[in-house]
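The primary structure of each chain is shown beneath.
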Amino acid sequence: MTAEEAVAAAFQEEWGQVVATLIRVTGDWDLAEECAQDAFAQALDRWRRDGVPRRPGAWLTTTARHRAMDVLRREAVGARKLREAAMLTAPEEPYDDSGVQDDRLRLIFTCCHPALHIEARVALTLRTLAGLTTPEIARAFLVPEATMAQRLVRAKKKIRNAGIPYRVPPAHLLPERTTGVLGVLYLLFNEGYAATSGADLVRRNLCAEAIRLARVLARLMPDEPEALGLLALLLLHDARRETRVDADGGLVTLEDQDRTAWDRAEVDEGAALLETALRRGRPGPYQIQAAIAACHTTAATAEDTDWADIAALYGELLRFVPSAVVRLNRAVAVGMAQGTDAGLALVAELEQEGELSGYHLLPATRADLLRRSGRKTEAAQAYERALELVENDAERHFLEKRLGECRSA
């Protein structure tokens, strides 16, 4: 492995831990990100010269801490700043009484303080914990990059000015953070499962980190059905991960995936967790989405998929999440259950409303329904529109392939 490859791998695996540790010991979010970035830059030069260290994460954390100490010393004004610098070389402080010894989970709960707007909570955590860029987060929220940048700046200022503590809150305060924390983990997994941009459709490290943190959260809140539902959802999706791309990295649709290669252990665990959550009698959006995923993963073949049940579940999901994206997913299910014309009618409504005008899956969905109905010329036009909007290379190549099929028909 070259130094460049090692640094790239370390960024994906260690960024969140490095930043979370620095935020804990300095309390300065911007300084933590700046020093983490500097450590990765130093790694590129040092690892080329000296080789990749045995524990890249520890090397990066130590380098970033030293950098932060130097910055604080240079900027020291009076005893307060000097004490902050001394903190970096002092022994680790004992963890709080939450029992959670995980800086990354602490960071999520800090970001998800109820004083912050829900979208700011999710966006800030994706930036600091997962290292997603501002454009990536903006695409995930379907907002302009400048808008997302402003949200991130405001969120950091509010945390600093309000003195929001860096810790997992006591048990009686956990419920007020639940929605934001679940949302963070969900979007973190989604960015790994279907990357918004770049060459890879799947970013495995983000999927693994989301599942790991979801397990910690489920143990922390064993009586919260939505925490169980989210973990079930992530496992049911992750079970299909290896079959979503072919040997060349090309996208493989759900109906064409090799179901014998799905991770049955994850499917079984996800189904058991979903059953446990549903027995609580408090349904929520993550449990419903997990039920939809279970419909897919328990069908022996694509033809056995109960699309009518999936369409009904999406209708139920709309009660909790009345978003255009959920309506688009329901349009797909309706098209499969009731015929392509029914699905196309729902897509047409979304197109007229314009909320998803920059979302590549809107014209891609229209194109697929038209292709299935045999209207290849119209499908080709819709694929061309989707190609103008798509950011991910694997999805682009898939759409180009479908476009070629329609043109040659």
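Because the structure is predicted, anything quoted here is derived from the model rather than measured. (Residues numbered from 1 in each chain as written. Predicted model: local features only at pLDDT ≥ 70, side-chain atom pairs only at ≥ 80, totals over all residues. Heavy atoms only, no water.)

> Lay out the overall build of the protein chain in plain terms, naming residues and giving numbers.
When its secondary structure is counted, the protein chain shows 19 helices and zero strands. Relative to its length of 409 residues, the protein chain is compact, with a C-alpha radius of gyration of 23 Å against a globular reference of 22 Å. Principal-axis analysis of the C-alpha atoms gives the protein chain an extent of 75 × 50 × 40 Å. Across the 409 residues in the protein chain, those meeting the buried criterion constitute 51%. Pairs at least 24 residues apart make up 63% of the contacts formed inside the protein chain by residues separated by at least 6 positions. Accessible surface computed for the protein chain: about 19,100 Å², of which carbon and sulfur atoms make up 50%. Of the charged side chains in the protein chain, 52 are positive and 61 negative, and the gap between their average positions amounts to 5 Å. (Helix = DSSP H or I, 4+ residues; strand = E, 2+ residues; numbered from the N terminus. Rg over C-alpha atoms; globule rule 2.2 N^0.38 Å. Buried < 20%, exposed > 50% of the residue type's maximum accessible area, 1.4 Å probe, protein only. Contact = heavy atoms within 4.5 Å. Areas by Shrake-Rupley, 256 points an atom, 1.4 Å probe, with all protein chains shown as cover. Lys, Arg positive; Asp, Glu negative; His and termini not counted. Charge placed at Lys NZ, Arg CZ, Asp CG, Glu CD.)

> Account for the packing of aromatic side chains, with residues named and values stated.
According to the stated counting rule, one finds five aromatic pairs in the structure shown. Here the aromatic rings of W15 and F40 are separated by 5.9 Å at their centres, their planes lie at 35°, and the arrangement is tilted. You can see W15 sitting in helix α1 (residues 3-26) and its partner F40 sitting in helix α2 (residues 29-50), a full 25 residues away along the chain. Taken individually, W15 and F40 each receive the classification buried, so the pair is uniform in this respect. Pairing W47 with W59 gives two aromatic rings, centres 5.5 Å apart and planes at 70°, and the pair type is edge-to-face. Of this pair, W47 sits in helix α2 while W59 sits in helix α3 (residues 56-74); the two residues are twelve residues apart in sequence, bridging distant segments of the chain. (Phe/Tyr/Trp six-rings, centres within 6.5 Å; stacked < 30°, edge-to-face > 60°.)

> Mind laying out the confidence of the model for the protein chain, listing which residues take part and the relevant values?
For the protein chain, the mean per-residue pLDDT works out to 86, and 90% of the residues sit at or above 70. This model gives residues 90-100 a pLDDT under 50, and the stretch forms 18 contacts once residues within four places in sequence are excluded. Under a pLDDT of 50 for its full length, residues 197-201 has, in the predicted model, 21 contacts with residues more than four places off or in other chains. (pLDDT = per-residue confidence, 0-100.)

> Talk me through the pattern of salt bridges; I want residue IDs and the actual numbers.
With the rule as written, the count across this model stands at 26 salt bridges. Here E242 makes a salt bridge to R241, at a shortest N to O gap of 3.3 Å. Judged by its relative accessible area of 46%, E242 is partly exposed. Between R366 and E351 there is a salt bridge whose closest N-O contact spans 3.9 Å. Placement of R366 in helix α17 (residues 361-372) and of E351 in helix α16 (residues 340-353) is noted, with a sequence separation of 15 residues between them. One network of salt bridges, with partners in common, ties together D30, E33, R127 and K156. (Salt bridge = Lys/Arg side-chain N within 4 Å of Asp/Glu carboxyl O.)

> Break down the environment of C112 for me, with residues and values.
When you line up the elements, C112 lands in the loop between α5 (103-111) and α6 (118-128). Residue class for C112 comes out buried when judged on its relative accessible area of 0%. Taking the C-alpha atoms as reference, C112 lies 45 Å from G404; in sequence the two are 292 residues apart. In this structure, C112 is in contact with R121, T125, R177, G180, V181 and V184, ignoring residues within four places of it in sequence.

> Quick rundown of the side chain of T128? Include the residues and the values.
Relative to the helices and strands, T128 resides in helix α6. The exposure class assigned to T128 is buried, which follows from its relative accessible area of 0%. Within the structure, the side chain of T128 is placed 2.9 Å from the backbone oxygen of L124, a separation counted as a polar contact. Beyond its immediate sequence surroundings of up to four residues, T128 is in contact with W15, G16, V19, W29, E33, L107 and C111. (Polar contact = N/O pair within 3.5 Å; in protein donor to acceptor, adjacent residues only side chain to side chain.)

> So what's going on with the packing of α5 against α6? Which residues, and what values?
Any two packed helices are characterised by the angle at which their axes cross and by the distance between the axes. With their axes 8 Å apart at the nearest point, α5 and α6 run at an angle of 150° to one another. By the angle between their directions, the pair α5 and α6 is classed as roughly antiparallel. The two elements α5 and α6 cross, and the hand of that crossing is right-handed. Of the residues in α6, those in contact with L107, I108 and C111 of α5 are R121, L124, T125 and T128. For the contact of α5 with α6, the class distribution of residues is four nonpolar, two polar and one charged. (Axes fitted to C-alpha atoms, helices over the stretch in contact; angles between N-to-C directions. Parallel < 35°, antiparallel > 145°, perpendicular 65-115°, else oblique. Left-handed = near helix turned anticlockwise from the far one by under 90°. Nonpolar A, V, L, I, M, F, W, Y, C, P; charged D, E, K, R; others polar.)

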